[in-house]
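# Inside the fold
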Amino acid sequence: MTAQAVGVGIGTKQFEQANCVRAFLGETAEGANGEILELVCNIDDMTPEALAFACSRLLEEGALDVYITPGTMKKGRSGHVLTVLCSPDREREMARHILTETTTNGLRVRRCGKYFLTPGAGQVQTQWGPVRLKLAQGYGVTHAKPEFEDAAQLAREHGVPYQAVLQEALGQLNGLESK
């Protein structure tokens, strides 16, 4: 809330606790529209293939996103920083999955406010066939992106470059936006 005015009143009647009130007048402020957790750990004793497999498993187990960044661990060892995003109600479950799927002995938890656009779906028609769209809207912003798998499948089926299908889908999308 963006406060426009604050008022305080103190009564004359005697009670065991304070006899006062504070009131706020204001407008609702657009803020974070959710909460998310980051579960983070350092790993320096897994092969890249094993870590990639662990990331896939964590996504299968319900992580919202999983990513790895390179890091330098103690004693100058090369390693990775694994970050797993999940909803707050999945914290314990996802922590257990990380401990099971990786070689880490511990992890950190960060609670974060989250701004996000509301997801949606659409479709455009190309000369090779339909391509689904990922849509997202909110805060006066609209994002639209052709589904990779649809464009790739049409490119394979018709023997054309992926970029040709993508460009036509984007052209159709731009045509829809200008209407």
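Now for a quick tour of the structure. Please read these numbers as outputs of a predicted model, since none were measured by experiment.

Right, let's talk about the side chain of T104 for a bit. With respect to the helices and strands, T104 occurs in the loop between helix 2 (91-101) and strand 6 (108-113). Given the relative accessible area of 9%, T104 is considered buried. A distance of 2.7 Å separates a polar atom in the side chain of T104 from the backbone oxygen of G106. Those residues in contact with T104, other than ones at most four positions away along the chain, are C41, N42, I43, I98 and L99.

Before going further, it helps to spend a moment on the nonpolar core. Counting residues in each nonpolar core, the largest one holds 16 residues, and the members touching the most others are L58, V66, L82, V84, M94 and I98. Each residue touching V84, except ones within four places of it in the same chain, is listed here: L37, E38, L39, L58, A63, D65, V66, M94 and I98. Core analysis: the second largest hydrophobic core is formed by ten residues, V124, W128, L133 and L173 among them.

Turning to the packing of helix 1 (residues 48-60) against helix 2, a few remarks are in order. Closest axis-to-axis distance for the helix 1/helix 2 pair is 10 Å, and the angle between their directions is 155°. Classified by the angle their axes make, helix 1 and helix 2 are roughly antiparallel. Every pair of crossing elements has a handedness; the one defined by helix 1 and helix 2 is right-handed. Between helix 1 and helix 2, the residues in contact are F53, A54, R57 and L58 and M94, H97, I98 and E101, respectively. Here the contact of helix 1 with helix 2 is built from residues that sort into five nonpolar, one polar and two charged.

Let us look at the pairing of strand 9 (residues 141-146). Bridge count between strand 8 (residues 129-138) and strand 9: six bridges; the pairing is antiparallel. The partner of G138 across the bridge, within strand 9, is V141. Linking strand 8 to strand 9, which pair antiparallel, is a turn of two residues; within it Y139 sits at a positive phi near 55°.

Turning our attention to the packing of aromatic side chains. On inspection of all chains with the given rule, the structure shows two aromatic pairs. Taking the centre distance of 5.2 Å and the plane angle of 50° together, the rings of F148 and Y162 count as tilted. On the criterion of sequence distance, the pair formed by F148 in helix 3 (residues 148-158) and Y162 in helix 4 (residues 162-177) is long-range, its members being 14 residues apart. Here Y162 falls in the partly exposed class, since its relative accessible area comes to 26%. Over the ring of F116 we find K114; its NZ or CZ atom is 5.0 Å from the centre of that ring.

Enumeration according to the criterion identifies eight salt bridges in this entry. Across the salt bridge formed by R77 and D44, the nearest N and O atoms sit 2.7 Å from each other. Taken together, the residues R77 in the loop between strand 4 (65-72) and strand 5 (78-86) and D44 in the loop between strand 3 (35-43) and helix 1 connect sequence positions 33 residues apart. For D44, a relative accessible area of 30% gives the class partly exposed. For E60, the salt bridge identified is with R57, shortest N-O distance 2.7 Å. Residue E60 and its partner R57 are located together in helix 1, separated by three residues, close to a single helical turn. Beyond isolated ion pairs, a larger network of salt bridges with shared partners links R57, E60, E61 and E101.

Calculation rules
Residues numbered from 1 in each chain as written. Predicted model: local features only at pLDDT ≥ 70, side-chain atom pairs only at ≥ 80, totals over all residues. Heavy atoms only, no water. Helix = DSSP H or I, 4+ residues; strand = E, 2+ residues; numbered from the N terminus. Buried < 20%, exposed > 50% of the residue type's maximum accessible area, 1.4 Å probe, protein only. Polar contact = N/O pair within 3.5 Å; in protein donor to acceptor, adjacent residues only side chain to side chain. Contact = heavy atoms within 4.5 Å. Core = buried A, V, L, I, M, F, W, Y, C linked by side-chain atoms within 4.5 Å. Axes fitted to C-alpha atoms, helices over the stretch in contact; angles between N-to-C directions. Parallel < 35°, antiparallel > 145°, perpendicular 65-115°, else oblique. Left-handed = near helix turned anticlockwise from the far one by under 90°. Nonpolar A, V, L, I, M, F, W, Y, C, P; charged D, E, K, R; others polar. Pairing = 2+ DSSP bridges. Phe/Tyr/Trp six-rings, centres within 6.5 Å; stacked < 30°, edge-to-face > 60°. Lys NZ or Arg CZ within 6 Å of the ring centre and 35° of its normal. Salt bridge = Lys/Arg side-chain N within 4 Å of Asp/Glu carboxyl O.

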